[in-house]
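Per-entry structural report
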Amino acid sequence: DAGVIQSPRHEVTEMGQEVTLRCKPISGHNSLFWYRQTMMRGLELLIYFNNNVPIDDSGMPEDRFSAKMPNASFSTLKIQPSEPRDSAVYFCASSQTGSSNQPQHFGDGTRLSIL
Amino acid sequence: TQLLEQSPQFLSIQEGENLTVYCNSSSVFSSLQWYRQEPGEGPVLLVTVVTGGEVKKLKRLTFQFGDARKDSSLHITAAQPGDTGLYLCAGAAGSNYQLIWGAGTKLIIKP
């Protein structure tokens, strides 16, 4: 079975540019999570979708960040305009029902560097 | 604010040694998950513990959930270089979807 697929794997861009990260969750999973991982702050939940609907976006740091899930097989996380402090590894994860007692399946992440 | 504290933050030992990683909180969790993350990859679930006092074994890895469901430990016997990675614990509490993540223990096993 295909796991969670993220693209691109690496992104290097200059500050001020728009960045779009993409995620394809596991087929049949109705919950999708976007995380950011840094050395200083560890794994932080940015936004949680259930059945394509954003349920909790309280972790989105600023209005520069936005996320969409137009259908069950695709989600995007956009940063516009990007800043150097946005540099991190961004992970997408999916789970069958979203219950916190269920495992989350992670993609391999997008390593984002903003110069 | 619910917190999960992991210790140690970093551990480097020789192949064949034993080690224990701890995950502690003042909060009660309905379940606790352990993940391992290798460089360039996302975390991968190792085990979920649900019942207070529960012990689960995965080959040389032994996971225990505290009786009060506030803490957990991961013990590795005869560590191998393949055990190298970042070990993360994550507790389920409060909301029905959010996990509280520990900061992780970076483990290096030297051949």
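Scroll up to find the structure this text is about.
Residues numbered from 1 in each chain as written. Chains lettered and ligands numbered in written order. Predicted model: local features only at pLDDT ≥ 70, side-chain atom pairs only at ≥ 80, totals over all residues. Heavy atoms only, no water.

Bringing the interface of chain A and chain B into the picture now. Many structure descriptions define interface size as the accessible area lost when the parts assemble. Taken together, the 20 residues of chain A in the interface contact 20 residues of chain B. Between chain A and chain B, roughly 1500 Å² of surface is buried when both sides are summed, and carbon and sulfur atoms account for 51% of that area. For chain A, the biggest contributors to the area lost against chain B are L43, S100 and N101 of chain A; these three give 32% of the whole. Put simply, chain A and chain B have zero salt bridges between them. Counting across the interface, chain A meets chain B through eleven residue pairs in polar contact (both at pLDDT 80 or more). Of all the secondary structure elements, the ones that give two or more residues to the side of chain A that touches chain B are strand 4 (31-38), strand 5 (42-50) and strand 6 (53-56) of chain A. Among the residues making up the side of chain A that touches chain B, the classes are represented as nine nonpolar, eight polar and three charged. (Contact = heavy atoms within 4.5 Å. Buried area = accessible area lost by both parts, 1.4 Å probe. Salt bridge = Lys/Arg side-chain N within 4 Å of Asp/Glu carboxyl O. Polar contact = N/O pair within 3.5 Å; in protein donor to acceptor, adjacent residues only side chain to side chain. Helix = DSSP H or I, 4+ residues; strand = E, 2+ residues; numbered from the N terminus. Nonpolar A, V, L, I, M, F, W, Y, C, P; charged D, E, K, R; others polar.)

Residues S7 of chain A and P8 of chain A are joined by a peptide bond in cis, for which omega reads -10 degrees. Mapping P8 of chain A onto the fold places it in the loop between strand 1 (5-7) and strand 2 (10-13). Here the residue pair S7 of chain B and P8 of chain B is connected by a cis peptide bond, since its omega of -10 degrees sits within 30 degrees of zero. Mapping P8 of chain B onto the fold places it in the loop between strand 1 (5-7) and strand 2 (10-14). Look at R69 of chain B: it is not a glycine, yet its phi comes out positive at around 60 degrees. Mapped onto the elements of the fold, R69 of chain B is located in the loop between strand 7 (61-65) and strand 8 (71-76).

According to the stated counting rule, one finds ten aromatic pairs over all chains in the structure shown. Aromatic side chains F33 of chain A and Y48 of chain A sit 4.8 Å apart centroid to centroid with 25 degrees between the ring planes, which places their arrangement in the stacked category. With F33 of chain A in strand 4 and Y48 of chain A in strand 5, this pair connects stretches of sequence that are 15 residues apart. Using a relative accessible area of 4% as the deciding quantity, one classes Y48 of chain A as buried. Aromatic pair Y35 of chain B and W101 of chain B: ring centres 5.1 Å apart, planes at 45 degrees, arrangement tilted. Note that Y35 of chain B is positioned in strand 4 (residues 31-37) and W101 of chain B in strand 10 (residues 99-101), a separation of 66 residues in sequence. Among the residues examined, Y35 of chain B registers a relative accessible area of 0% and is labelled buried. Its relative accessible area of 11% is what places W101 of chain B among the buried residues. Counting every residue linked through ring pairs, the aromatic cluster contains F33, Y35, Y48, F91 and F106 of chain A together with Y35, Y97 and W101 of chain B. (Phe/Tyr/Trp six-rings, centres within 6.5 Å; stacked < 30°, edge-to-face > 60°. Buried < 20%, exposed > 50% of the residue type's maximum accessible area, 1.4 Å probe, protein only.)

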